[in-house]
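Okay, here's what each chain looks like letter by letter:
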Amino acid sequence: MPLALLALAVGAFGIGTTEFVMMGLLPEVADDLHISIPAAGHLVSAYALGVVIGAPLLAALTARMSRRSVLIGLMAVFVLGNALSALAPGYDSLLAARFLSGLPHGAFFGVGAVVAMNMVAPERKARSVSRMFLGLTVANIAGVPVATLMGQHLGWRATFLGVSVIGVAAIAALALLIPRDRSHAPATGLRGELAALRSLPVWLALGTTVAGFGALFAAYSYITPMLTGPAGFAESSVTLLLALFGVGATAGNLLGGRLADHAMRGTLFGGLASLAVVLLFFPLLMRAEWGAVVAVVLLGMAAFVTGSPLQLMVMDKAASAPSLASSANQAAFNLANAGGAWIGGLALAAGFGATSPAVAGGALAVLGVGVAAVAWAVDRRREVASTGRVVASHVPEQGALHR
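Being a predicted model, the structure only gives us computed values, none of them experimental.

Caption draft 1: Expanded view of the overall build of the protein. Scanning the protein from terminus to terminus reveals 16 helices and zero strands. Relative to the globule expectation of 22 Å for 403 residues, the C-alpha radius of gyration of the protein, 22 Å, shows essentially globular dimensions. If one aligns the C-alpha atoms of the protein with their principal axes, the spans along those axes are about 90 × 50 × 35 Å. Here the analysis covers contacts within the protein between residues at least 6 apart in sequence; of these, 84% occur between residues at least 24 apart. As displayed, the protein offers around 17000 Å² of accessible surface, 69% of which is attributable to carbon and sulfur atoms. Separation of charge centres in the protein, based on 22 positive and 15 negative side chains, amounts to 13 Å.

What follows is the structure in C-alpha cells.
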C-alpha cells in the first residue's frame, strides 16, 4: 500500500477524535459554560449538521480542483474550527465553531476515498479505502480516550487545541506524501455534479448506509448505561470497554476491505446480517461481564465490516461524480448517527429496558439487509435490460442472412 495513505489516515484520526470526544466531555463543557447537559449535547448535533451540509456541498464546489489542494484546504478548515472551539468565549460561539469543524469532515473522506482508490490497482481499491478509514477506527482506540483524559485533567479547551495540532500534522503529511495532481472530473458544473445523485441505485446505496449505521448508533449511543446497568461494570471501566469497541471496529474495517475486493456485495450482506444478529443477542450478552465484552467487540467488528463496501458501492453508482457521491455517503453516515440515537432513545423512553436500543438497532440492521436486497434486485434488472438491448442491437435485419 502507498505511503501516501498514511497522510489520509492521519487526517482521519484527527477527524475521528474530534467527532467522538465531545460525547465524553459533555459534563466538563456544561459545568464550565454553565449550561445543561442536554444543551451541551447540541454541540454534538452542531458538528453532525456541519457534516451533513458540508459533505455534498464542498465536494461539488471543489470537483474540478486538484484533489491534493482540496484535501489540504479541508484540513485547514478543520484546524481553524477546532482552534476556534478551544478559544470560544461562550456557548453560542462554541456551537458555531463545532459546526465549522464538521463542514470539512465528509468532503475529506469523500475526496480522500477517491485519491486512495486511484493510488492502487482496481483489485485492491477496497483495501486502500479501508486503510484510510483505519485512522477513524484507531481514533476510537487511542485518540478519543486520550483526548477525553486530557480534557478531564487539563480542561476541555486543551483537548481541542490538541486536536488542532493533529490537524497541522495532517496538513504537513498531505503536502509531503500526496502526489500533485489535476482533477479529472468532467467540467459539468455544480448542476451536473448534483445530477449524478438522481439515480435510484445511488439513493438505495445511501439508504443502506443510513439503515446499517443507524443500527450501530441506536445501540452505541446508549452503550454506557448498558455497561454500567445490566452488565454491572463500574463507570471507571467504560473508557477501556469503548477502546475495545475501537479494536473491534479496526479489525472489522481491515477485514471488510480485504473481503470487499473479492466480493463487495457478499461482504455487505454478510456484515449487515452479522450486525443484526449481534444486536438482537445484546440483551442476553449483557447479563454477564464477559458477554458484554464480547458484545462490544463484535458490535464494532460487524458494523465496520460494511464501511468499505458501502463507500465503494455509492461511488460505483455515481461514477461521473465519485467525490460527491463518496462525500454524500459520509453525510448519510451522520444522518444515521442522529437517527439511530433518536430511535434508540424512543425505545428507552417507552420503558422497554436498558438494552432495548440494541434490539431497535437489530431491527434497523434487518431493514438495511432489505434495502441492500432491493438495490441488488434493481441492479440485476438493469443488467438484464442492458444485456437485452445489446443482444437486440446485434440481431441481423430480416433477410440479411440471405443477401
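Right, picking up where we left off after that structure.
Caption draft 2: Seen up close, unusual backbone geometry. At His34, a residue that is not glycine, the phi angle is positive and equals roughly 60 degrees. Relative to the assigned elements, His34 resides in the loop between helix H1 (4-33) and helix H2 (37-61). Relative accessible area serves as the criterion here: at 72%, His34 is assigned to the exposed category.

Caption draft 3: Just the pattern of salt bridges, in detail. A full pass over the atoms with the stated rule returns three salt bridges. For Arg157, the salt bridge is made with Asp32, and the minimal N-O distance between the two is 3.8 Å. Of this pair, Arg157 sits in helix H6 (residues 156-177) while Asp32 sits in helix H1, and the two are 125 residues apart along the sequence. Residue Arg157 is classed as partly exposed on the basis of its relative accessible area, which comes to 26%.

Caption draft 4: A look at helix H3 (residues 67-87). Taking 1.5 Å per residue, 21 residues should reach 30 Å; H3 reaches 30 Å between its end C-alpha atoms and fits that length. Those residues of H3 that fall on the buried side of the exposure criterion are Arg67, Arg68, Val70, Leu71, Leu74, Met75, Phe78, Val79, Gly81, Asn82, Ser85 and Ala86.

Caption draft 5: Spatial organisation of the side chain of Thr306. In this fold, Thr306 is placed in the loop between helix H13 (289-305) and helix H14 (307-317). Reaching out from Thr306, the side chain makes a polar contact with the backbone oxygen of Ala303 at a distance of 2.6 Å.

Caption draft 6: Region of interest: the packing of H1 against H6. At a closest axis distance of 9 Å, the pairing of H1 and H6 adopts a crossing angle of 170 degrees. If you check the angle between H1 and H6, you find them roughly antiparallel. Partitioned by chemical class, the residues of the contact of H1 with H6 number 19 nonpolar, five polar and three charged.

Caption draft 7: The arrangement of empty space enclosed by the protein in detail. One pass over the structure, following the stated rule, counts four cavities of 30 Å³ or more. Considered as a void within the structure, the largest cavity measures approximately 150 Å³ in volume. If you trace the largest cavity, you find 13 residues lining it, with Phe133, Phe213, Gly307, Gln330 and Phe333 closest to the centre. Element by element, the count of residues in the lining of the largest cavity is highest for H14, at four residues. When its residues are assigned to classes, the lining of the largest cavity shows six nonpolar, seven polar and no charged.

Quick notes on the rules
- Residues numbered from 1 in each chain as written.
- Predicted model: local features only at pLDDT ≥ 70, side-chain atom pairs only at ≥ 80, totals over all residues.
- Heavy atoms only, no water.
- Helix = DSSP H or I, 4+ residues; strand = E, 2+ residues; numbered from the N terminus.
- Rg over C-alpha atoms; globule rule 2.2 N^0.38 Å.
- Contact = heavy atoms within 4.5 Å.
- Areas by Shrake-Rupley, 256 points an atom, 1.4 Å probe, with all protein chains shown as cover.
- Lys, Arg positive; Asp, Glu negative; His and termini not counted.
- Charge placed at Lys NZ, Arg CZ, Asp CG, Glu CD.
- Buried < 20%, exposed > 50% of the residue type's maximum accessible area, 1.4 Å probe, protein only.
- Salt bridge = Lys/Arg side-chain N within 4 Å of Asp/Glu carboxyl O.
- Expected span 1.5 Å × (residues − 1).
- Polar contact = N/O pair within 3.5 Å; in protein donor to acceptor, adjacent residues only side chain to side chain.
- Axes fitted to C-alpha atoms, helices over the stretch in contact; angles between N-to-C directions.
- Parallel < 35°, antiparallel > 145°, perpendicular 65-115°, else oblique.
- Nonpolar A, V, L, I, M, F, W, Y, C, P; charged D, E, K, R; others polar.
- 1 Å grid on protein atoms, 1.4 Å probe; cavity = no way out; pocket = protein on both sides within 12 Å on 5 of 7 lines; lining within 4 Å.
- Points joined across faces, edges and corners; volume = space filled by probe spheres on them.

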